[in-house]
Amino acid sequence: MLHVYSEGKPNPLQDANLCSRVFFWWLNPLFKIGHKRRLEEDDMYTVLPEDRSKHLGEELQGCWDKEVLRAKTDARKPSLTKAIIKCYWRSYLVLGIVTFIEEVIKIIQPIFLGKIIDYFEKYDPTDSAALYETYGYAFVLTACTLILAILHHLYFYHVQCAGMRLRVAMCHMIYRKALRLSNVAMGKTTTGQIVNLLSNDVNKFDQVTIFLHFLWAGPLQAIAVTGLLWMEIGISCLAGMAVLVILLPLQSCFGKLFSYFRSKTATFTDIRIRTMNEVITGIRIIKMYAWEKSFAELITSFRRKEIAKILRSSYLRGMNLASFFIASKIIVFVTFTTYVLLGNVITASRVFVAMTLYGAVRVTVTLFFPSAIERVSEAVVSIRRIQDLQLLENGDLTVIGDRGTTLSGGQKARVNLARAVYQDADIYLLDDPLSAVDAEVSRHLFELCICQTLHEKITILVTHQLQYLKAASQILIVKDGEMVQKGTYTEFLKSGVDFGSLLKKENEETEQSPVPGTPTLRNRTFSESSVWSQQSSRLSLKDGTPEGQDTENAQVTLSEESRSEGNIGLKAYKNYFTAGAHWLIIIFLILLNIIAQVAYVLQDWWLSYWANEQSALNVTVNGKENVTEKLDLNWYLGIYSGLTVATVLFGIVRALLVFYVLVNSSQTLHNRMFESILKAPVLFFDRNPIGRILNRFSKDIGHMDDLLPLTFLDFIQSFLQVIGVMGVAVAVIPWISLPLILLIIVFFVLRRYFLETSRDVKRLESTTRSPVFSHLSSSLQGLWTIRAYKAEERFQELFDAHQDLHSEAWFLFLTTSRWFAVRLDAICAIFVTVIAFGSLILAETLDAGQVGLALSYALTLMGMFQWCVRQSAEVENMMISVERVIEYTDLEKEAPWEYQKRPPPSWPHEGVIVFDNVNFTYSLDGPLVLKHLTALIKSGEKVGIVGRTGAGKSSLISALFRLSEPEGKIWIDKILTTEVGLHDLRKKMSIIPQEPVLFTGTMRKNLDPFNEHTDEELWDALKEVQLKEAVEDLPGKMDTELAEAGSNFSVGQRQLVCLARAILRKNRILIIDEATANVDLRTDELIQKKIREKFAHCTVLTIAHRLNTIIDSDKIMVLDSGRLKEYDEPYVLLQNRDSLFYKMVQQLGKAEAAALTETAKQVYFKRNYPAITHNGHVVMNVSNGQPSALTIFETAL
């Protein structure tokens, strides 16, 4: 996993010369590879040393630590913003100089444009000096265009790198903090929140650095432009600037509102992702309980609230974008209306100089400046959220659940123990690692691992397995968090502590006290089976699964995340749009866009036509040039006003409609995906890590909610602008279509060449991001283990390695985009050059208005064209998110939840279960985990299911619940389970699972998600399981919100909640899946007692490792390697010394084995020969030499 630090491809940027850096030539080899084949992770260049996650994180962490100290001395709250500024201001300041040069050139350009148009207005074919001078202006104009192209992209590349560094450093800090959170602090935050910080909030840093410099460059440029305009058109310019000034506070107001909605949206997104995380984590339980609908309603309600906020912020964004589209129109309109009303005469040079100057200032003031405000306000929200996390107190121990989907409980326990032993520590704290495994493995682990391997170490073993107490040098009895007694085993026996009765008989074997220094192991002869177990357990710890063993869990291999290749299909676009609106609305939207653009161009064309008409009048009156005749002002101004209003209206309506359709589409696809996920078989969740599924719901849906609609609208606007520019150019100088066609061909070839690589880079960026989330998610869930093993450093290094791998992809994403953009702007610069020099060559046939319109449009093409193409690529890249979501809307489905033909409501009233030649596998290509299983479980029978770890015990339950479809037949009360809907089947069986799962929400929701029971019934159920007091002590009683995954309850209490759920369901069939493996004896006894009381008439199947819990069952099922080896009454099985069950019982040691045999005998005779049992004791013939003995279990500690 740490392959990131292995020597990858060296980064060519390190040795690149100046020319190569300016034009990004150093990337050419990568594009050649991308052209030949699909790019892989090995093709990415290693991260530059200054961009490594460890280096960046530690640098920012240092600044933050200093800021915290400084804040302490100044008695104020520390500010993360100050720490960030302190860390990065120097490198960022240098980039401000580039911004300054760029903005100066933008202002110079219109002046030279004016000079060229001026030449056409005063056109004199005989004045060659003026012509050469104008050629000079044309040369400067095109040179400025080229310099702008180069500077602009160098600047953008560097600011984006700065953003990346800030994001990586922040992620490092968030992860570092997450590893150190205290228990109290963990209660104040959730996994969902931290994942959201890492998936959404930190992305704001990538964007904030881009526009930050425009906060000062914008106002400066506005002042300079006002000065130049004053010289050009006098006081009228103030009218235009006034519009700009009015637009600014309007936009900053939008920005503030946007920030407000964003923080509201973030809260809902947090809750939705947190709940999604729980759903995916607990999907097995949700399916067994048939609770999918309850969670669907929950997620849908969160999503509805989230979408409502997203729509509002989207409309704001739409208005913002539309105002950019419209601003220049309104400004020019107001300026020239004022200009002509003040009695001035319109001329082409004035119109187009003013238009171009306004254009320059408009981009900065109405796009970059508001973007800066919006991004800063977003970043401030994110910084505040991250700062809250950073200020939470650190701690040492905290308890959070664990993962390991594809391992059975026993395998997890063994891996855990192996991990502990591998640490080679001096002190070992073992928290009941033996409960989750069967008796044979338990004894094996205890003797070989705990007593032998760790014999020279201090070992503290918390256990409910009393048979091992004898080997302990000190015993501590704890009750309700307090020490009750302490002493050695012998001392306890003498003092007659109640657990002594369990093991007293074992003392019949005289045992020498162990010699110091030797392992305290009891003398014992190994049976054949236990020797085999010894070897196989060693194998399974070291080499995974030996042949024919543990097949139950050999079924699942995690598939690699798919990344689709080639173009995004038209089908994806079709599905995306039609998910958002009816196709009639989509056709209307297309027409609306075209009309808006036509109005946009017509407004400018009308001004140039007006100027031409005016200049034609100026020339020809009586041969005297100084006489100026006025045009019909009302006519020209009226049409101009009409076109302006049309442009504004269409622009706004179009923007809002696009957002409405696309956000709607995101909502629809999210719902489809979620529904599809809920109906997917359990195998899907075993094969796909949580991070991968969550990524679809956080990152991809985030893109579709937020970025894709914005990018899409931006692309449509700029695309139509580009088409408008070309149309105008061709209309003015028809022959320009020749070089234009050539440039278009070059462009398409270039774009195709670029996309071959860019698409792969983007997909690599997506797939290298998933491990970052998976690592964070699993770290948060194994936090307690990480700290116990002092593995924080190792996990931090792993996280940095994942980050660096992602940075490699991100770095390529930034640089390849710039490589393309520089080349696109070069094409535009050539286009400007062709128009500038072409119009001079054809000076005789052109008038000033036409040249002005064509040239000023060509200049706007500079930023616009490459922006349009990049947005088109961006849309395509983001459509990958849509593709990934659509991929999950059509997953393989389980059988339907309900069929038309439903079983009678009273079914099953008997609870008879028949297995008829059942084979079971988790996947079509997986191994059989149950083989030819045939068994009859009668009504009301209590059946214990035993077997080694991985024998197929849990698979039997999976087959019964149809978590995967079994072969063969399973009947419940004469109805085939495959002929009823899954919910009808699953709702009729209650399960108490091995790992108790509680969900965030109220205790009421956890017991009764469908509100089917009265309060009285709920309190009764809690009373039955002795949780009533615990719940009454909660602040809101049953309506108290539980902590994430119910972590404010102990494992035992959570198991009791599961028992309460089973009691409430009142089903005829109860399945207990090793439910008492992880609880103390008292809770175990309570659970057993309640099961015997409450489920006396029910059919009960119990999977157990503790044989004492199932020794009084009606029958015992012994499974081995997926086959049913033995199935009979416990006492009958114990009479056969060759039976597997007999051997299992003997594994427990003599005293325990004798006690269990005696209990089995009592139960057997009581059930089969009630007449010959007397007062609960079996009356036996003593002549056979067997005493009538009964050991009493006293386990209520």
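Labelled according to an unreviewed UniProt entry, the protein chain appears under the name Multidrug resistance-associated protein 4, originating from Equus caballus. The UniProt entry for the protein chain carries the following comment under Subunit (unreviewed entry): "Interacts (via PDZ-binding motif) with SNX27 (via PDZ domain); this interaction accelerates MRP4 internalization."

A closer look at the overall build of the protein chain
When you go through the protein chain residue by residue, the secondary structure sums to 37 helices and 16 strands. Burial status across the protein chain gives 58% buried among its 1197 residues. The contacts of the protein chain with a sequence gap of at least 6 include a subset with a gap of at least 24, amounting to 83%. Looking at the protein chain as shown, the accessible area adds up to about 50600 Å², and 59% of this sits on carbon and sulfur atoms.

Observations concerning helix α33 (residues 1051-1065)
In this model, α33 (15 residues) spans 22 Å end to end at C-alpha, consistent with the 21 Å of a helix rising 1.5 Å per residue. Counting buried residues along α33, 12 of its 15 residues qualify, which places the element largely inside the surrounding structure. Every buried residue belonging to α33 is among Gly 1052, Arg 1054, Gln 1055, Leu 1056, Val 1057, Cys 1058, Leu 1059, Ala 1060, Arg 1061, Ala 1062, Ile 1063 and Leu 1064, and all of these are buried. Buried residues along α33 sit against α11 (283-289), β10 (989-992), α30 (1003-1007), α31 (1015-1024), β11 (1069-1073) and α34 (1081-1094). Lys 1066 lies just past α33 and shows a positive phi near 50 degrees.

With respect to the sheet that holds β10
Strand order in the open sheet formed by 6 strands is β10-β11-β12-β7-β13-β14, and the pairing between neighbours is mixed. Each of the sheet's edge strands pairs with one partner strand only, and the pair in question is β10 and β14 (1123-1128). Within this sheet the neighbouring strands show an average axis-to-axis angle of 20 degrees, counted without direction. Two strands pair when backbone bridges link them, and strand β13 (residues 1115-1120) and β14 are joined in this way by 5 bridges, in the antiparallel orientation.

A word on the side chain of Ser 20
Residue placement: Ser 20 occurs in helix α1 (residues 18-23). The residues touching Ser 20, leaving out its near neighbours within four places in the chain, are Trp 25 and Trp 26.

Considering the packing of aromatic side chains
Tallied over the full model, the rule gives 45 aromatic pairs. Taken together, a centroid distance of 5.9 Å and an interplanar angle of 25 degrees make the contact between Trp 26 and Phe 811 stacked. Placement of the pair is Trp 26 in the loop between α1 and α2 (28-36) and Phe 811 in helix α26 (residues 792-841), with a sequence separation of 785 residues. Every member of this aromatic cluster is reached through a ring pair, and the members are Phe 333, Trp 605, Trp 606, Tyr 609, Trp 610, Trp 635, Tyr 636 and Tyr 640. Taking the ring centre of Tyr 1127 as reference, the NZ or CZ of Lys 1115 above it sits at 5.0 Å.

Concerning the packing of α2 against α26
Where α2 meets α26, the axes come as close as 11 Å, and the angle between the chain directions of the two elements is 95 degrees. When the axes of α2 and α26 are compared, the pair comes out roughly perpendicular. Contacts between α2 and α26 involve Asn 28, Leu 30 and Phe 31 on the former and, on the latter, Leu 812, Thr 816, Trp 819 and Arg 823. Considered class by class, the residues forming the contact of α2 with α26 number 4 nonpolar, 2 polar and 1 charged.

Examining the packing of helix α9 (residues 214-233) against helix α13 (residues 348-390)
Interhelical geometry of α9 versus α13 gives an angle of 165 degrees and a closest axis separation of 9 Å. For the element pair α9 / α13, the angle class is roughly antiparallel. The handedness of the crossing between α9 and α13 comes out as left-handed. For the contact of α9 with α13, the residue count by class is 21 nonpolar, 3 polar and 2 charged.

As for helix α23 (residues 690-732)
Under the 1.5 Å per step criterion, the end-to-end length of α23 is 59 Å for 43 residues, consistent within 8% with the ideal 63 Å. Helix geometry: α23 is bent most strongly at Leu 707, by close to 45 degrees, with proline Pro 709 lying one to four residues after it. Within α23, 36 of the 43 residues are buried, which leaves the element mostly enclosed by the surrounding structure.

Regarding the environment of Glu 121
Considering the arrangement of structural elements, one finds Glu 121 in helix α4 (residues 80-121). For the pair formed by Glu 121 and Asn 612, sequence separation is 491 residues and the distance between their alpha carbons is 9.2 Å. Those residues in contact with Glu 121, other than ones at most four positions away along the chain, are Thr 347, Ala 348, Ser 349 and Ala 848.

Things to note about unusual backbone geometry
The omega torsion of the bond from Trp 907 to Pro 908 falls at -10 degrees, within 30 degrees of zero and hence cis. Inspection of the secondary structure puts Pro 908 in the loop between α27 (848-889) and β5 (913-920). Unusually for a residue other than glycine, Lys 974 sits at a positive phi of about 65 degrees. Here Lys 974 is to be found in the loop between β8 (967-972) and β9 (975-976). Of note in this structure, Ser 1121 is not a glycine but carries a positive phi near 50 degrees. Assignment of secondary structure puts Ser 1121 in the loop between β13 and β14. With a relative accessible area of 22%, Ser 1121 lands in the partly exposed category.

Here we look at the environment of Arg 672
One can find Arg 672 in helix α21 (residues 633-678). Here Arg 672 falls in the partly exposed class, since its relative accessible area comes to 41%. Separated by 213 residues in sequence, Arg 672 and Val 885 have C-alpha atoms that sit 9.0 Å apart. The residues touching Arg 672, leaving out its near neighbours within four places in the chain, are Ala 579 and Thr 889.

Some remarks on the pattern of salt bridges
Using the criterion set out here, one finds 48 salt bridges in the structure. Between Lys 287 and Glu 292 there is a salt bridge, with the nearest N and O atoms lying 3.9 Å from each other. Since its relative accessible area comes to 0%, Glu 292 is described here as buried. Taking the shortest distance from any N to any O, the salt bridge between Glu 887 and Arg 696 comes out at 3.3 Å. Note that Glu 887 is positioned in helix α27 and Arg 696 in helix α23, a separation of 191 residues in sequence.

The rules behind these values
Residues numbered from 1 in each chain as written. Predicted model: local features only at pLDDT ≥ 70, side-chain atom pairs only at ≥ 80, totals over all residues. Heavy atoms only, no water. UniProt positions renumbered as here; feature names shortened; annotations may be inferred. Helix = DSSP H or I, 4+ residues; strand = E, 2+ residues; numbered from the N terminus. Buried < 20%, exposed > 50% of the residue type's maximum accessible area, 1.4 Å probe, protein only. Contact = heavy atoms within 4.5 Å. Areas by Shrake-Rupley, 256 points an atom, 1.4 Å probe, with all protein chains shown as cover. Expected span 1.5 Å × (residues − 1). Pairing = 2+ DSSP bridges. Axes fitted to C-alpha atoms, helices over the stretch in contact; angles between N-to-C directions. Phe/Tyr/Trp six-rings, centres within 6.5 Å; stacked < 30°, edge-to-face > 60°. Lys NZ or Arg CZ within 6 Å of the ring centre and 35° of its normal. Parallel < 35°, antiparallel > 145°, perpendicular 65-115°, else oblique. Nonpolar A, V, L, I, M, F, W, Y, C, P; charged D, E, K, R; others polar. Left-handed = near helix turned anticlockwise from the far one by under 90°. Bend = angle between axes of the 7 residues up to and from the residue. Salt bridge = Lys/Arg side-chain N within 4 Å of Asp/Glu carboxyl O.

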